[in-house]
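Report on the structure
Given next are the chains, with one letter for each unit.
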Protein chains: 2
Amino acid sequence: MIKIVVDAMGGDNSPTVNVKGVIKALNELSDVSIVLVGDEAQIAPLLQGEKYDASRLHILHASDVISCNEVPTVAIKTKTDSSMSKAFELLRTDADARALVSLGSTGALLAGTVLRVGRIRGVKRPAFCPILPTVVPNQIVAICDSGANVDCDPLYLQQFAVMGSLYLKKAFGVENPRVALLNIGVEEEKGDALRKETYQLLQKTPSINFVGNMESRDLLSGEFDLVVCDGFAGNVLLKSTEGACLELMRLLKRGMMSSLKTKIGALLIKKKMYEIKDLMDYNNYGGAVLIGAAKTVVKGHGSSNETAVYHCIKQAYAMESNHLVDAIAAELAPQQT
Amino acid sequence: MIKIVVDAMGGDNSPTVNVKGVIKALNELSDVSIVLVGDEAQIAPLLQGEKYDASRLHILHASDVISCNEVPTVAIKTKTDSSMSKAFELLRTDADARALVSLGSTGALLAGTVLRVGRIRGVKRPAFCPILPTVVPNQIVAICDSGANVDCDPLYLQQFAVMGSLYLKKAFGVENPRVALLNIGVEEEKGDALRKETYQLLQKTPSINFVGNMESRDLLSGEFDLVVCDGFAGNVLLKSTEGACLELMRLLKRGMMSSLKTKIGALLIKKKMYEIKDLMDYNNYGGAVLIGAAKTVVKGHGSSNETAVYHCIKQAYAMESNHLVDAIAAELAPQQT
């Protein structure tokens, strides 16, 4: 039985989507038990009338919530009755509690992981590793790091490549993940000192399948499984891609609603549009993992729906049942001298 | 009369689109004269039958071309018969030749500018400043730097903000450009050392309208006129935005061609789709300027059409007729002691 802690209170539509996602997970995954941390008074009514194995669901009451506007380290330390703080406390004290899923403040989740969970021995820096769909059906691409470490050295990036590769293998069954270094051109000599040194290091790393530099315009092409970068560039990459897709979809929607003729046209292509929307929808893929942490931590989008919450739990389950933390520990363990 | 040098040979569809863009510029702008640099044997037939004021067009023969696969500094130095080298030589030796427009290798254009044209006195580093459409009609956003300087210090970024603001005023008539610092969050304390120091500097720069940090997802929102960043992050920002839009449009097109029903639907919304495509099309806006160079240098997209070439020339014309180089020189002149 794998015990997963779920923060019931984070996210734009909490606790409704969180609770519904948990119920789905309990019904789909038979060897998962869940601790739902949050306001009991809000959670209880949402469970009424739902069918699930109640023996595998536990509620841990938390009266407070950490919002996205709070200073992360301060919030984690002082708001001890918040759902996220209590979730981290459980993760720290209960050896059986192996993973945390939250839609709450990214900063607080990072702070809590560093302060309460710690790193796998040998890991220099944990990194955020979100996944995105690509234009190739059923193929995802992961970015590591997307914002946990704004200042990086080549050794960090090398570890991101190793950890990200293991993650894709263990959580998504990607056989031999193609690892690319985010750069401003594909040639070996491109980029700043960080990129040039990292390129050399990645070439000399036998445990990964390094395919060279890539440009940000090819992120969604399906040619790469893992993009390695510092957290600043990764954050820019992730958010500009999401932003461009959202703005373009918004323009299209507005355009299609502009006249009777376009509305009829929209009706005829609606199904296809939804298919594309589905394909590009992160809700169908999962959350961003804080890779390198001593326990599994999955951050879902703040605007996640219940499907997304379910996928985050499923993702945590896959990582735990395939022993990702142990695999990273074995790969990055400090050399014995 | 403003004399503009146009590289006839760069780009995917040269010299056809280059020549046609030049003819359009001669017909639209009455006080422009153009020197077209390239293979005379290819250019001459394209001019036949076209109507334009021949007294304002001069052809400078160049037998060679610099390709995008060559090492930029080597190519500029050794390929002396190439259209780009000859164009730069003209810019260097002819005081009347005030601007260069090219669709050729970005690296070679940067190398040529540094080696042959030089910087405005007081400018630390010239920067690439491309413009993009936003979702707000008739509103553009500029990125400075988008790739000329991968390693930056806060003083460079401060100058990018000053030069970019002047550029938007002089070339596009933007009244009081809203300048934002690209960061991983909007709060003042976000980002790495470069961002934190730059934030403080920009706040203390009276000649600009600094509105704070921005996240890459808001690039196309129309809330900002100028995004300031180092060349690495700017390159990631620009190319991921372009890449995401292109991939999404490709998916939509494929989806609409998938059945008779969707084809009919596509027919009904075609006009709207083209409007959106037009809105998002860089061809309608102009090129990336190498801002801070002692003469005006405009880099058009390699895949530009004749409209794009015309817009690049018009842009160079606007910059020159509004004396952008002088304005930057006056603003950034070293303090007299």
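Each remark here, short or long, concerns the structure printed above.
1. Observations regarding the overall build of chain A
Per the secondary structure count, chain A includes eleven helices and twelve strands. Relative to its length of 337 residues, chain A is compact, with a C-alpha radius of gyration of 20 Å against a globular reference of 20 Å. Here the C-alpha coordinates of chain A stretch approximately 70 × 60 × 35 Å along the principal axes. Distance from the positive charge centre (36 side chains) to the negative charge centre (37 side chains) of chain A: 3 Å.

2. Observations regarding the packing of helix 1 (residues 16-28) of chain B against helix 2 (residues 40-47) of chain B
All names here are of chain B. Orientation of helix 1 relative to helix 2, taken along the N-to-C sense of each, is 50 degrees, at an axis distance of 10 Å. When the interaxial angle is binned, helix 1 and helix 2 end up oblique. Between helix 1 and helix 2 lies a crossing whose hand is right-handed. Taking contact as the criterion, the partners of T16, V19 and I23 in helix 1 are, on helix 2, I43, L46 and L47. For the contact of helix 1 with helix 2, the class distribution of residues is five nonpolar, one polar and no charged.

3. Remarks on the pattern of salt bridges
Throughout the structure, instances matching the rule amount to 29 salt bridges over all chains. With a closest N to O distance of 2.6 Å, D94(A) and K3(A) form a salt bridge. On the criterion of sequence distance, the pair formed by D94(A) in the loop between helix 4 (83-93) and strand 4 (97-102) and K3(A) in strand 1 (residues 2-7) is long-range, its members being 91 residues apart. As a salt-bridge pair, K24(B) and E28(B) come within 3.7 Å of each other at their nearest N and O atoms. With K24(B) and E28(B) both in helix 1 and four residues apart, this pair spans about one turn of that helix. Look at K24(B) and you get partly exposed, because its relative accessible area is 30%. A residue is classified by how much of its surface remains accessible, and E28(B), at 46% relative accessible area, is partly exposed.

4. Regarding the packing of aromatic side chains
Residue and element names in this part refer to chain B. Tallying each qualifying case throughout the model produces four aromatic pairs over all chains. Geometrically, the ring pair formed by Y167 and F172 is edge-to-face, given 5.6 Å between the ring centres and 85 degrees between the ring planes. Y167 sits in the buried class, given a relative accessible area of 0%. F172 sits in the partly exposed class, given a relative accessible area of 30%. Aromatic side chains Y199 and F210 sit 5.2 Å apart centroid to centroid with 80 degrees between the ring planes, which places their arrangement in the edge-to-face category. Residue Y199 is located in helix 7 (residues 193-203), and its partner F210 is located in strand 9 (residues 209-214); the two are separated by eleven residues in the primary sequence.

5. As for the pairing of strand 1 of chain A
All names here are of chain A. Among the six residues in strand 1, five count as buried, and that is most of the element. Sheet topology places strand 1 next to strand 2 (residues 32-38); six bridges connect them, and they run parallel. Across the sheet, the residue bridging to V5 is V35, located in strand 2. Read from strand 1 through helix 1 (residues 16-28) to strand 2, the crossover connection turns out right-handed. Inspection of the sheet shows strand 1 paired to strand 4 by four bridges, in the parallel sense. The residue bridging V6 from the neighbouring strand is V101, located in strand 4.

6. Brief notes about unusual backbone geometry
Look at the link from S14(A) to P15(A): it is a cis peptide, with omega at -5 degrees. Within the element layout of this structure, P15(A) appears in the loop between strand 1 and helix 1. A cis geometry characterises the amide bond from C144(A) onward to D145(A), with omega recorded as 15 degrees. With a phi angle near 60 degrees, N138(A) is a residue other than glycine that sits in the positive phi range. Checked against the element boundaries, N138(A) lands in the loop between strand 6 (131-133) and strand 7 (140-144). With a relative accessible area of 78%, N138(A) lands in the exposed category. A positive phi angle, near 55 degrees, is found at H323(B), a position not held by glycine.

7. Re the sheet that holds strand 2 (residues 32-38) of chain B
Residues and elements named next belong to chain B. Pairing within the open sheet is mixed, and its seven strands lie in the order 3-2-1-4-12-11-5. On the outer flanks of this sheet lie strand 3 (57-61) and strand 5 (127-129), each paired with one strand and no other. On average, each strand axis in the sheet is inclined to that of its neighbour by 25 degrees, with strand direction left out of account. As paired elements, strand 11 (residues 288-291) and strand 12 (residues 296-299) share two bridges and run antiparallel to each other. Counterpart to V289 in the pairing with strand 12 is V298. Each of strand 1 (2-7), strand 2 and strand 3 touches helix 1; the most contacted strand, strand 2, lies at about 170 degrees to it. The strands touched by helix 5 (residues 106-117) within the sheet are strand 4 (97-102), strand 5, strand 11 and strand 12, with strand 12 carrying the most contacts at an inclination of about 175 degrees.

8. Description of the relation of the copies chain B and chain A
With an axial shift of 0.0 Å and an RMSD of 0.0 Å, the rotation relating chain B to chain A amounts to 180 degrees. This pairing of chains is accounted for by a two-fold axis. Closest approach to the rotation axis within chain B is made by the C-alpha atom of G265(B), at a distance of 1.9 Å. Here 100% of the contact residues of chain B are again contact residues in chain A; the copies associate through an equivalent surface.

9. Examining the environment of M84(A)
Residue and element names in this part refer to chain A. Residue placement: M84 occurs in helix 4. The class for M84 is buried, based on a relative accessible area of 2%. Taking C-alpha positions, M84 is 8.1 Å from G112, a pair spaced 28 residues apart along the chain.

10. Comments concerning the interface of chain B and chain A
Note on interface size: it is often stated as the accessible area lost on association of the parts. At the interface, 49 residues of chain B touch 50 residues of chain A. Buried surface at the junction of chain B and chain A, both sides included, amounts to about 4400 Å², of which 74% is carbon and sulfur. Along the contact surface separating chain B from chain A lie two salt bridges. Between E215(A) and K239(B) there is a salt bridge; the shortest N-O distance is 2.2 Å.

11. What to know about the side chain of S165(B)
Among the structural elements, S165(B) can be located in helix 6 (residues 154-172). Not counting the four nearest positions on each side in its chain, S165(B) is found in contact with P177(B), V179(B), I208(B) and L226(B).

12. A look at the pairing of strand 4 of chain B
All names here are of chain B. Within strand 4, five of the six residues are buried, which leaves the element mostly enclosed by the surrounding structure. Direction of pairing for strand 4 relative to strand 12: parallel, over a ladder of four bridges. Of the residues in strand 12, the one forming a bridge with V101 is V298.

13. A look at the nonpolar core
The biggest cluster of nonpolar side chains holds 195 residues, and the ones touching the most others in it are I4(A) and I4(B). For I4(B), the residues in contact, after removing those within four places along its chain, are V32(B), S33(B), I34(B), V35(B), A99(B), V101(B), I313(B), A316(B) and Y317(B).

Cut-offs applied
Each chain has its residues counted from 1, running along the sequence as written. Here every chain gets a letter starting at A, and every ligand a number starting at 1, in the order they are written. Restriction of local features to residues with pLDDT of at least 70 applies here, the model being predicted, together with a cutoff of 80 or more for giving and counting side-chain atom pairs; totals for whole chains, interfaces and linings are based on all residues. To get the side-chain values, all heavy atoms of the structure are used, and hydrogens and water are removed first. Secondary structure counts use DSSP, requiring at least four H or I residues in a row for a helix and at least two E residues in a row for a strand, with both numbered from the N terminus. With the radius of gyration taken over C-alpha atoms, the globule rule is written as 2.2 Å times the number of residues to the power 0.38. Counting rule applied: Lys, Arg positive; Asp, Glu negative; His and chain ends not counted. All charge positions are set by atom: Lys at NZ, Arg at CZ, Asp at CG, Glu at CD. The convention used is that axes are lines fitted to C-alpha atoms, helices contributing only their stretch in contact, and that angles between N-to-C directions extend from 0 to 180 degrees. Should an angle fall under 35 degrees it is called roughly parallel, over 145 degrees roughly antiparallel, and 65 to 115 degrees roughly perpendicular, with every other angle called oblique. Crossing handedness is read from the near helix: turned anticlockwise from the far helix by less than a right angle, it gives a left-handed crossing, and turned clockwise, a right-handed one. Two residues form a contact once any of their heavy atoms are found within 4.5 Å. The classification used treats Ala, Val, Leu, Ile, Met, Phe, Trp, Tyr, Cys and Pro as nonpolar, Asp, Glu, Lys and Arg as charged, and all other residues, Gly among them, as polar. Salt bridge, as used here: a side-chain nitrogen of Lys or Arg that lies within 4 Å of a carboxyl oxygen of Asp or Glu. When accessible area is computed with a 1.4 Å probe and restricted to protein chains, residues below 20% of their type maximum are described as buried, those above 50% as exposed, and intermediate ones as partly exposed. Centres within 6.5 Å make a pair out of two Phe, Tyr or Trp rings, where for Trp the six-membered ring is used; the pair is then stacked when the planes are under 30 degrees apart, edge-to-face when over 60, and tilted otherwise. Here the rule is simple: two strands pair whenever DSSP picks up at least two bridges between them. Whether a crossover is right-handed depends on one test, that the path from the first strand over the helix to the second runs clockwise when the strands point away from the viewer. Only residues with pLDDT of at least 70 in both copies contribute their C-alpha atoms to the least-squares superposition of the copies. Note on terms: buried area is the combined drop in 1.4 Å-probe accessible area of two parts once they are placed together, counting the loss on both. The term nonpolar core refers to a set of buried residues drawn from Ala, Val, Leu, Ile, Met, Phe, Trp, Tyr and Cys, joined through side-chain atoms within 4.5 Å.

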